[in-house]
Amino acid sequence: MFIKANREAKPADWRTTVRSRVLVCATLLGLWTAAIEARLMYLQVFEHADLAARAERQQNRTVSPAAKRGDIVDRKGRLLAYSVDADTVAAVPSDIDDPNDVAAQICHALDECNAERRQAFVKKLSGRGSFAYVIRQISPEEARRVRALALPGITLLKESRRYYPNSELAAHVVGYVGLDNVGLGGIESAYDAQIRGSAGKLLIQTDNHNRAVFSRVERPATAGAGIELTIDQYLQFVAERELRTGVEANHAVGGSAIIMDPLTGEILALANWPTFNPNAFGRVEDDLRRNRAIQTLYEPGSTFKIVTASAAIEQKVITPETMIDTNPGSITFPGRKPIYDTHKYGVINFTDVIVKSSNVGAIKVGLRIGPERLTQYVSKFGFGQTLAPDFKGETAGIVWSADKLNDSALASVSMGYQVGVTALQMATAVSSIANGGHLLQPRVVRAFIKDGRRMEVAHKEMRRTIEPDTAATLTTIMEQVVERGTARAAQIEGYTIAGKTGTAAKLVNGHYQKSDYNASFVGFVPSRNPALTILVVIDSPHGNGYTGGAVSAPVFKRIAEAALTYMGVGPNLNPPPPVMVARHDPSVEQPITPTPAKAASLFASMLEPARDGLMPDLRGLSARDALRLLSRIGMSARLSGSGFVVDQRPQAGSPLVRGVACVLTLDRRGSTPALGGPQ
Amino acid sequence: MNAMDFEYAIKKDIRNNPIVREVDEARQRQLWRSVGIGLFLVIVLLFSAWQHFELLRHGYQIERMQQERAAEEEINRHLRLEVETLRAPRRIEKIATEQLHLVAPSRGQAIVIERVTPSAPPDTSVVAAR
């Protein structure tokens, strides 16, 4: 019985034990699960907002892609200012153990680094902050060397940097940009709001390794507007080259040159010397960055007699033939020294007063005009006011009001003293004579380019200065200044030029200097159908001469010669039959393989028919070779199209009539007939 | 060993070999349906997982390609800058005069090629007056 009871109790025991243990485990498991659930609930419900925000911060990054500044190009689309990414060395100073060693290594990797700079690096790296710029916007080569060092706590960031591929070219016009991409001078500053653009916003989702998984553009970066200038890169180069040559040859302090289209007011070139490199603008003194042509006032001297002459002729005070007595070669006003002419001219007509630049004659005419009328014309021509909206810091100039002009002051103004003008004002005034009396707003911005659309800036006529007849009369007088007057050094064979020289003693501390002058020449060419107005002002020449005719007129001539050839403006005095070239639509041009060797070998044989008095066959030759061959046989040419000769008139084999222009039809589209083949 | 410890079991010889279990077709269908549903769920799960990982993979790929594109564009900008720097007239003139010893042509050696499309002429009245 006992055995049986024992046998029955045993299974119940282990079952109870197991059951109780299972119960304990289940309870623990349940508690554990409940704890987890509770924790999950706490995290997901009560802490949801905070944790979601933390996750958001960890997984999502917001970056602001910087907008690229708009390009600045010349009138033919050639780059003058451009932005590319540059590397900036940044540091986390708290991660750097030995700032001296790190600074020394970075210094070694840079092109230029002295002890002072290295010390500055040490100072930046010694802080305990979480971020510091070490050096900004270094060259790609320097960046490569710094990256190779793999220094702890040093990173390379990308920043947009402005570059000026032509260095000094048009530096004063284009301007320059600071490290923070803000325009600080020239067009960069004047149109900074348009050029700069606006930064975008980019959301990036990252993984646990901080790698970007997805990105979403919240707001795209808006690139700044591009600006097309009226400046022509080549003309600007020529103006700067010749101005520099003129300044250096005459041991002058500096100078300015302006080339302007008198029919539109567009500034084709604006050069100053000395100049600076906008890529390293911080290394030069402020004075070099000053745009002399619009910010420096000078007394124009005799070039201002153009204004006096305009007022006198327009108001019919005199005619070009009116005789004026300049004896005894000087004129005196109470309380000041006598004003002299360079030579004693005696009694001369008004044209000669301008041609010979007689101060006495101009003063006598000025006195006849009177202060009211003269100041009215001074104002009409744009003196004493800012003209160009494209330049910041343009100087208005100094002019007198009529009520303050006594005879002495009126005399000074009549010959271009006691007035302060800028080179730009003078070029604009003379352009108004060149174009028949329209004062056009001088512009340097030709168009804005935004989102692929080009918005042209309209030309603006400010006012009429003089009547067309007066302009024509003045032009005739100014032509004689160059033909037989003070500006013979400006003559260019084959072209009529209208101009005026000016030589004004510089006023320093209230006294006119006997050794420092402003020598200037302003003129337009060809005078009968003006294409260019050119002004040259040289500051304090100390070379072979100091007058506008000796110093500035030769510079004008060299600039004008190069510009006329470049612009294709032919001579207007006894012109040879012109070589005409039709502008071909580049979109339909398909280059064919030129045959220079073949053409060269046939060149001599082609002259054979000419010796017999027959027209050679020019088909298949390049335009250059055809022109060369025609010039050898005494013929001129008119060209139509571009490429190779595909047709000619007179036809090959016809009798040769020397002096007649041969009309050549050029084409690039492979239909060139076989050389010498049948027509 | 104590005799009391012995336990006796009566073994009854049961012969159930002839018994053939009848196939329950309803259960069979239910089974296959369950297997099918299970498979379907697994496939859906795998498909969605595949989609998720593909999305991630393409995300990385797109990001990498965008970075490559940005880098190529930047290289393009650098090259354009280099081209324009090399085209600078001052540099070209320096090479022409100092290295190649070229000289500027005199006026007699140069022909002015007039453009067929001239700039707008001045006022008719001015031209007439001249």
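Residues numbered from 1 in each chain as written. Chains lettered and ligands numbered in written order. Predicted model: local features only at pLDDT ≥ 70, side-chain atom pairs only at ≥ 80, totals over all residues.

## Here we look at the overall build of chain B
Item 1. Within chain B, the regular secondary structure consists of 3 helices and 1 strand.
Item 2. Starting at the N terminus and walking to the C terminus, you meet the elements of chain B as α-α-β-α.
Item 3. In chain B, which comprises 130 residues, the proportion classed as buried is 2%. (Helix = DSSP H or I, 4+ residues; strand = E, 2+ residues; numbered from the N terminus. Buried ≥ 20, exposed ≤ 12 C-beta atoms within 10 Å, placed from the backbone.)

## Re helix α13 (residues 359–369) of chain A
Residues and elements named next belong to chain A.
Item 1. For α13, the buried fraction is high: 8 of the 11 residues fall into the buried class.
Item 2. Restricting attention to buried positions, one finds in α13 the residues Asn359, Val360, Gly361, Ala362, Ile363, Val365, Gly366 and Ile369.
Item 3. Of the residues trailing α13, Gly370 is marked for its positive phi of about 95°.

## Comments concerning the confidence of the model for chain B
All names here are of chain B.
Item 1. When the pLDDT values of chain B are averaged, the result is 82; 81% of them are 70 or greater.
Item 2. For residues 121–130, every residue scores under 50 in pLDDT, and the model assigns this stretch 22 contacts once sequence neighbours within four places are set aside.
Item 3. The ipTM value of the predicted complex is 0.71, and its pTM value is 0.76. (pLDDT = per-residue confidence, 0-100. Contact = placed C-beta atoms within 7 Å.)

## Quick look at the sheet that holds strand β21 (residues 498–508) of chain A
All names here are of chain A.
Item 1. Read from one edge to the other, the open sheet built from 5 strands follows the order β12-β11-β23-β22-β21, with strand pairing classed as antiparallel. The two strands at the open ends of the sheet, each matched to only one other strand, are β12 (267–273) and β21. The average angle at which neighbouring strand axes cross in this sheet is 10°, direction not considered.
Item 2. Direction of pairing for strand β22 (residues 511–525) relative to strand β23 (residues 532–539): antiparallel, over a ladder of 8 bridges. (Pairing = 2+ DSSP bridges. Axes fitted to C-alpha atoms, helices over the stretch in contact; angles between N-to-C directions.)

## Observations regarding the domain arrangement of chain A
Item 1. Taken domain by domain, chain A comprises domain 1 (2–46), domain 2 (63–229), domain 3 (234–567) and domain 4 (586–667).
Item 2. Here the C-alpha centre of domain 3 of chain A lies 109 Å away from the C-alpha centre of domain 1 of chain A. (Domains from an automatic or database assignment.)

## Quick look at the packing of helix α11 (residues 305–314) of chain A against α13(A)
All names here are of chain A.
Item 1. Contact geometry for α11 and α13: axes closest at 10 Å, N-to-C directions at 45°. With respect to α13, the axis of α11 lies oblique. As for the relative orientation of α11 and α13, their crossing is left-handed in sense. Packed against α11, whose contacting residues are Lys305, Thr308, Ala311 and Ala312, the element α13 presents Ala362, Val365, Gly366 and Ile369 at the interface.
Item 2. Grouping the constituent residues of the contact of α11 with α13 by class yields 5 nonpolar, 2 polar and 1 charged. (Parallel < 35°, antiparallel > 145°, perpendicular 65-115°, else oblique. Left-handed = near helix turned anticlockwise from the far one by under 90°. Nonpolar A, V, L, I, M, F, W, Y, C, P; charged D, E, K, R; others polar.)

## A few points about the pairing of β21(A)
Residues and elements named next belong to chain A.
Item 1. When β21 meets β22, the two strands line up antiparallel, connected through 10 bridges. When the sheet's bridge partners are listed, Leu507 is paired in β22 with Tyr512.
Item 2. Between β21 and β22, which pair antiparallel in sequence order, lie 2 residues; one of them, Asn509, sits at a positive phi of approximately 50°.

## Some thoughts on the packing of α13(A) against helix α15 (residues 407–414) of chain A
Residue and element names in this part refer to chain A.
Item 1. Interaxial distance between α13 and α15 falls to 8 Å at its minimum, and their mutual angle equals 120°. The angle between α13 and α15 falls in the class oblique. By crossing handedness, the relation of α13 to α15 is classed as right-handed. Only Asp407, Leu410, Ala411, Val413 and Ser414 of α15 make contact with α13, whose side of the interface consists of Ala362, Ile363, Val365, Gly366 and Leu367.
Item 2. Residues of the contact of α13 with α15, tallied by class, amount to 7 nonpolar, 2 polar and 1 charged.

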